[in-house]
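Structure assessment
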Amino acid sequence: MSMLSRVASTLYWQARYLERAENTARIINVNSHLLLDLPKSVVLGWEPIVDILSNRELFYSLHDDATEHAVISFMVTDKANPSSIISSLSAARENARTIREIIPREAWEQINALYLYATENQKNVFSRRQRYDYLNKIILANQTITGMLAGTMTHDDCYEFICIGSNIERADMTTRIIDVRSASLLPDIEHELSAFDNIQWMSVLKSLTGYQMYRREMRLRINRADVLKFLLQEEHFPRSLRHALQQVERRLERLPRNHDISKALQGANKQLMSAKPEKLKQDKLHEFIDQMQIELDNLHDSISHTYF
């Protein structure tokens, strides 16, 4: 290896924290718009966002009810929540600060500026009128950092760990969004509200910025089986589970001592590609997602044990 294990770990986690902040911002934005699209008779609250990051116990230790204000506070500004946007950006900034000699200076400056913007303007997220602009700037800033690293950083071992970290985080978040979002959809929606069933599945796609690409690929009206197939098994969509795992595999091929990790990755790929999306009814889908989460945890543990 051409770097210390500490540096590899820092690069990996810097990428994961940035990806986590971006994904959380996307989810909150989509949920805000979904609530405006649904009729008043359809109840779809804010609690699923807490469940997506498996923070229900921590949330209810700090808040009594999952109101809009409480969930927004917990998921965006609360430093007691290690997965909040502010906490994630703070951790990404600290990781980047310790390896400023490894990443391009401009990338460090962008990460630092993003953290400062997010903290100095955090009150804007509580205003529905200003929330979209605040979260969208976080998303676009993360995209800028990703593009800057891809376009200006030497694509050596250091860059490989950044790509591995961002794709594992992306895969993890994709499984969480599919699991919780699909479970929160109303299974027995009335016939006259069937159009809103499509809106809810559309929100799953939009949570992963996949709506337009889904329509390009599938050319069909939105339905559960096709959405699941697209988000789980589509090879070319960057936020699908299959694409993320393929990216991890390609990056690992360029690193030494990858034999044990490749075994863990093969297990995850086999589990994924053996699934039949059209047969994954809610209970089966939940079991499948749980198994994929275990495979992703095993993959992370194997990378950590080998390199960090």
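1. What to know about the overall build of the protein chain
Scanning the protein chain from N- to C-terminus turns up 14 helices and zero strands. Starting at the N terminus and ending at the C terminus, the protein chain contains elements arranged as α-α-α-α-α-α-α-α-α-α-α-α-α-α. Over its C-alpha trace the protein chain gives a radius of gyration of 19 Å, about what one expects of a compact globule, namely 19 Å for 308 residues. Dimensions of the protein chain along its principal axes, counting C-alpha atoms only, are 60 × 45 × 40 Å. Looking at the protein chain as a whole, 56% of its 308 residues are labelled buried. Nonlocal contacts in the protein chain, meaning residues at least 24 apart in sequence, comprise 66% of its contacts between residues at least 6 apart.

2. Digging into the packing of helix H12 (residues 241–252) against helix H13 (residues 259–273)
Orientation of H12 relative to H13, taken along the N-to-C sense of each, is 160°, at an axis distance of 11 Å. Regarding the angle of H12 to H13, the classification is roughly antiparallel. Classified by chirality, the crossing of H13 by H12 is left-handed. In this structure, H12 uses Leu241, Arg242, Leu245, Val248, Glu249 and Leu252 to contact H13, whose residues at the interface are Ile261, Leu265, Ala268, Asn269, Leu272 and Met273. Here the contact of H12 with H13 is composed, by residue class, of nine nonpolar, one polar and two charged.

3. A word on the pattern of salt bridges
Here the structure, examined in full by the defined rule, presents 15 salt bridges. Among the salt bridges present, the one from Glu22 reaches Arg239, with a minimum N-O distance of 2.9 Å. Pair noted here: Glu22 is in helix H1 (residues 5–37) and Arg239 is in the loop between helix H11 (224–233) and H12, with a separation of 217 residues, a long-range link. Owing to a relative accessible area of 2%, Glu22 belongs among the buried residues under this scheme.

4. A word on helix H7 (residues 128–152)
Taking 1.5 Å of rise per residue, the 25 residues of H7 would be expected to cover 36 Å, and the 36 Å separating its terminal C-alpha atoms lies within 8% of that figure. Residues of H7 that are buried include every one of Arg131, Tyr134, Leu135, Ile138, Ile139, Ala141, Asn142, Ile145, Met148 and Leu149, and no others.

5. Focus on the packing of aromatic side chains
Using the criterion set out here, one finds 10 aromatic pairs in the structure. Between Trp13 and Tyr17, the aromatic rings sit 5.6 Å apart at their centres with planes inclined by 35°, giving tilted as the arrangement. Taken as a pair, Trp13 and Tyr17 lie in helix H1 at a separation of four residues, close to a single helical turn. Here Tyr17 falls in the buried class, since its relative accessible area comes to 19%. Relative to Tyr307, the ring of Phe161 has its centre 5.3 Å away and its plane inclined at 80°; by these criteria the two rings are edge-to-face.

6. Observations concerning the packing of H13 against helix H14 (residues 282–307)
Two elements in contact, H13 and H14, have axes whose closest approach is 9 Å; the angle formed by their N-to-C orientations is 170°. Accordingly, the angle class assigned to the pair H13 and H14 is roughly antiparallel. On the side of H13, the interface is formed by Asp260, Ile261, Ala264, Leu265, Gly267, Ala268, Gln271 and Leu272, while H14 contributes Phe288, Gln291, Met292, Glu295, Asn298, Leu299, Ser302, Ile303, Thr306 and Tyr307. Here the residues of the contact of H13 with H14 are counted per class, giving 10 nonpolar, six polar and two charged.

7. Focus on the layout of surface pockets
Estimated volume of the largest pocket: approximately 410 Å³. As for the largest pocket, its lining consists of 16 residues, of which Arg26, Asn29, Val30, His33 and Lys206 are closest to the centre. Listed by contribution, the elements that provide at least two residues to the lining of the largest pocket are H1, H7 and helix H9 (194–207). If one sorts the elements of the lining of the largest pocket by residue count, H1 sits on top with six residues. Residues of the lining of the largest pocket, tallied by class, amount to seven nonpolar, six polar and three charged. In this structure, the second largest pocket spans a volume of roughly 340 Å³. Around the second largest pocket, the lining comprises 20 residues; the ones closest to its centre are Thr146, Tyr159, Cys163, Ser166 and Arg170. Elements with a contribution of two residues or more to the lining of the second largest pocket: H1, H7, helix H8 (157–184) and H12. Among the elements that make up the lining of the second largest pocket, the one with the highest residue count is H8 (six residues). When its residues are assigned to classes, the lining of the second largest pocket shows nine nonpolar, seven polar and four charged.

The rules we used
- Residues numbered from 1 in each chain as written.
- Predicted model: local features only at pLDDT ≥ 70, side-chain atom pairs only at ≥ 80, totals over all residues.
- Heavy atoms only, no water.
- Helix = DSSP H or I, 4+ residues; strand = E, 2+ residues; numbered from the N terminus.
- Rg over C-alpha atoms; globule rule 2.2 N^0.38 Å.
- Buried < 20%, exposed > 50% of the residue type's maximum accessible area, 1.4 Å probe, protein only.
- Contact = heavy atoms within 4.5 Å.
- Axes fitted to C-alpha atoms, helices over the stretch in contact; angles between N-to-C directions.
- Parallel < 35°, antiparallel > 145°, perpendicular 65-115°, else oblique.
- Left-handed = near helix turned anticlockwise from the far one by under 90°.
- Nonpolar A, V, L, I, M, F, W, Y, C, P; charged D, E, K, R; others polar.
- Salt bridge = Lys/Arg side-chain N within 4 Å of Asp/Glu carboxyl O.
- Expected span 1.5 Å × (residues − 1).
- Phe/Tyr/Trp six-rings, centres within 6.5 Å; stacked < 30°, edge-to-face > 60°.
- 1 Å grid on protein atoms, 1.4 Å probe; cavity = no way out; pocket = protein on both sides within 12 Å on 5 of 7 lines; lining within 4 Å.
- Points joined across faces, edges and corners; volume = space filled by probe spheres on them.

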